[in-house]
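Listed below are the residues making up each chain.
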Amino acid sequence: MSILAIDQGTSSTKAFVLKPGGGFEFINSIAHQQIYLPQGWVEQNAEELASNVECMIDQALLKHPDISAIALANQGETVVAWDKRTKKPLYNAIVWQDQRTQMELDSLPPEARALIAERAGLPIDAYFAAAKLAWLYENVPSVATAAKAGCLCIATSDAFFIDRLTGNYATDVTTASRTSLMNLHSCDWDAELCQIFRVPIDALPAIQTSVSHFGFVRRSSREIPLLVSIVDQQASLFGHGCRLPGDAKITFGTGSFAMMICGTVPGQVCKGVSPTVAWALPNEPPVYALDGGDYTASVALEWAIRVGIAQSLSDFDLSTDSSALEKGLIFIPTLAGYGAPHWDRATSGAWIGLRQEITAADMRRALLEGIALRAVELIEALGVPIDNLVSVDGGMTSNTYFLQSLADFLGRPVQVRGSSTTALGAAQLCLHGAKRASPIRTTLSNPVIEPSARSVFMQDIRPRFSQAAELVRAFSNAPFTVR
């Protein structure tokens, strides 16, 4: 059977087909508009997102009419409100990067924070979905009107797509675990958490296992089952082949997202990383993971191009015979605040060590090194066993300088999985739903980047980055008044 995997990501929607022999074919990708507003607001056109998902399905079916099941990966913490009768969005999608709710979250009392940590396992941050859902409910008149009429759907973006495609109002357990509204132990919506965030529990979707029957996608005379819905990072974890406790991956997309399997019992909230559901199969206990994410990875490269530090991505193809950190130049890539393990939205990005002899190439090296050093913080916070390979994917893994810097700063080999592991993992999970054996053979190559002879030296000077980051945090959090 052929499986269609849709990866609905932050910057685009991609389609792949896993074929019966194990081949994995890219179909197409459609970019969508990013709406950046003042004060850290980030939105997307929800109607455009849904249309792009449907377009990818149609294009894949034209090329592969034998597709017999569909898997869908989603952005995780991005939210939508819509009318259950018309299926039309009532406001733009609010994206996981959005910061509009952070000030209100900072005012939550200690007892509420303790309950959220105990039951949801998540830090108090605007990254997660609950506060964004509450903002929609309380600030958009059409959302309140729909609620009074009993026709409000307010949920993460996956539920919006599933409802549009199948008529089934549902989410999966991995996406629900990214809201701060689900009890991580029972995998049900928690009434007290919903009360803390002022989200109406009766407007939320049903929670299903990641692999389950989400309904039929109707195209022409065909009905194709949607058998998987899962967060993109969790799908990527499965696509990397991570199955045992200690297996870990890190994805370098818009941000950096690290995840490590911890077994069938949720891990503890510690060292700034948090437990989450990795996936859940029918009639089996959920598999849990530890998660640590940062908001800035490839978005920093786009910013550098926008402000003129680089003309194109090719300018970041740098030789590995020099290091910006070695020259005393450091870039703190916190352009949207610190994510895990610090969770400090106030911290801004910064350059430290600028001198007249510093070149634009040095600045580009520092930018790549800063992203790599933040990734090292995530891997160490997760506690990935030293003997385990760190598996990486995402668009930035095509950059040799970045990969070598990451291996050198880590002091361990890095295995490169390419950029399509999210769709691959979703497709492989779909085979479980169809009760078929998973053809692990694919056309993906998996090179390993070994630490270079400079690795010991690079690890020795690595603390300079942490020192610089603490200075930037102190400066960003200091009171500032204009006289």
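Note that the structure is predicted; figures quoted are calculated from it, not measured. (Residues numbered from 1 in each chain as written. Predicted model: local features only at pLDDT ≥ 70, side-chain atom pairs only at ≥ 80, totals over all residues. Heavy atoms only, no water.)

Chemist: Describe the environment of valine 228, naming the residues involved and giving the relevant values.
Modeler: Mapping valine 228 onto the fold places it in strand β15 (residues 222–231). Accessibility expressed as a relative area gives 0% for valine 228, which makes it buried. Between the C-alpha atoms of valine 228 and histidine 432, which are 204 residues apart in sequence, the distance is 9.3 Å. (Helix = DSSP H or I, 4+ residues; strand = E, 2+ residues; numbered from the N terminus. Buried < 20%, exposed > 50% of the residue type's maximum accessible area, 1.4 Å probe, protein only.)

Chemist: Describe the side chain of serine 322, with residues and values.
Modeler: Inspection of the secondary structure assignment puts serine 322 in the loop between α10 (298–307) and β20 (330–332). Among residues more than four places away in sequence, those in contact with serine 322 are Lys327, Arg365, Tyr401 and Arg454. (Contact = heavy atoms within 4.5 Å.)

Chemist: Before we move on, could you go through the packing of helix α1 (residues 46–63) against helix α6 (residues 157–166) and cite the residues and values that matter?
Modeler: Contact geometry for α1 and α6: axes closest at 10 Å, N-to-C directions at 55°. It follows from the interaxial angle that α1 and α6 lie oblique. Considering the relative orientation of α1 and α6, their crossing is right-handed. Between α1, through Ala46, Glu47, Leu49, Ala50, Val53, Glu54 and Ile57, and α6, the contact on the second element is made entirely by Phe160, Phe161, Arg164 and Leu165. Looking at side-chain class alone, the contact of α1 with α6 contains 8 nonpolar, no polar and 3 charged residues. (Axes fitted to C-alpha atoms, helices over the stretch in contact; angles between N-to-C directions. Parallel < 35°, antiparallel > 145°, perpendicular 65-115°, else oblique. Left-handed = near helix turned anticlockwise from the far one by under 90°. Nonpolar A, V, L, I, M, F, W, Y, C, P; charged D, E, K, R; others polar.)

Chemist: Describe the sheet that holds strand β24 (residues 448–449), with residues and values.
Modeler: Read from one edge of the open sheet, 7 strands run β18-β19-β17-β16-β22-β23-β24, paired in mixed fashion. Here the strands that pair on one side only, and so sit at the sheet edges, are β18 (274–279) and β24. Bridge count for strand β23 (residues 414–416) against β24 is 2 bridges, and the pairing is antiparallel. Within β24, the residue paired with valine 414 across the bridge is isoleucine 449. (Pairing = 2+ DSSP bridges.)

Chemist: Could you give an account of the pattern of salt bridges, naming the residues involved and the relevant values?
Modeler: Side chains that carry opposite charge are capable of pairing whenever their charged atoms lie near each other. A full pass over the atoms with the stated rule returns 25 salt bridges. With a shortest N-O distance of 2.9 Å, lysine 327 and aspartate 362 are connected by a salt bridge. Linking lysine 327 in the loop between α10 and β20 with aspartate 362 in helix α11 (residues 360–382), this pair joins segments that are 35 residues apart in sequence. For lysine 327, a relative accessible area of 38% translates into the label partly exposed. Among the residues examined, aspartate 362 registers a relative accessible area of 3% and is labelled buried. Linking arginine 355 and glutamate 357 is a salt bridge whose minimum nitrogen-to-oxygen distance equals 2.7 Å. Judged by its relative accessible area of 38%, arginine 355 is partly exposed. Taken together, the shared-partner salt bridges connect Lys19, Glu25 and Lys63 into one network. (Salt bridge = Lys/Arg side-chain N within 4 Å of Asp/Glu carboxyl O.)

Chemist: Run through the packing of α10 against α11, naming residues and quoting values.
Modeler: Following both chains from N to C, one finds α10 and α11 inclined at 160°, their axes separated by 10 Å at the closest point. Classified by the angle their axes make, α10 and α11 are roughly antiparallel. In the packing of α10 onto α11, the handedness of the crossing is right-handed. Contacts between α10 and α11 involve Ala300, Leu301, Trp303 and Ala304 from the former and Leu367, Leu368 and Ile371 from the latter. Its residues assigned to classes, the contact of α10 with α11 comprises 7 nonpolar, no polar and no charged.

Chemist: Now, about the packing of aromatic side chains: what can you tell me, with residues and values included?
Modeler: Within the structure shown, the criterion is met by 17 aromatic pairs. The rings of Trp96, Tyr127, Phe128, Phe257, Tyr295 and Trp343 are connected pair by pair, giving a single aromatic cluster. Taking the ring centre of tryptophan 41 as reference, the NZ or CZ of arginine 100 above it sits at 3.8 Å. One residue, arginine 243, lies across the ring of phenylalanine 238, its end atom 3.6 Å from the ring centre. (Phe/Tyr/Trp six-rings, centres within 6.5 Å; stacked < 30°, edge-to-face > 60°. Lys NZ or Arg CZ within 6 Å of the ring centre and 35° of its normal.)

None of the figures reported here should be taken as evidence of function without further support.
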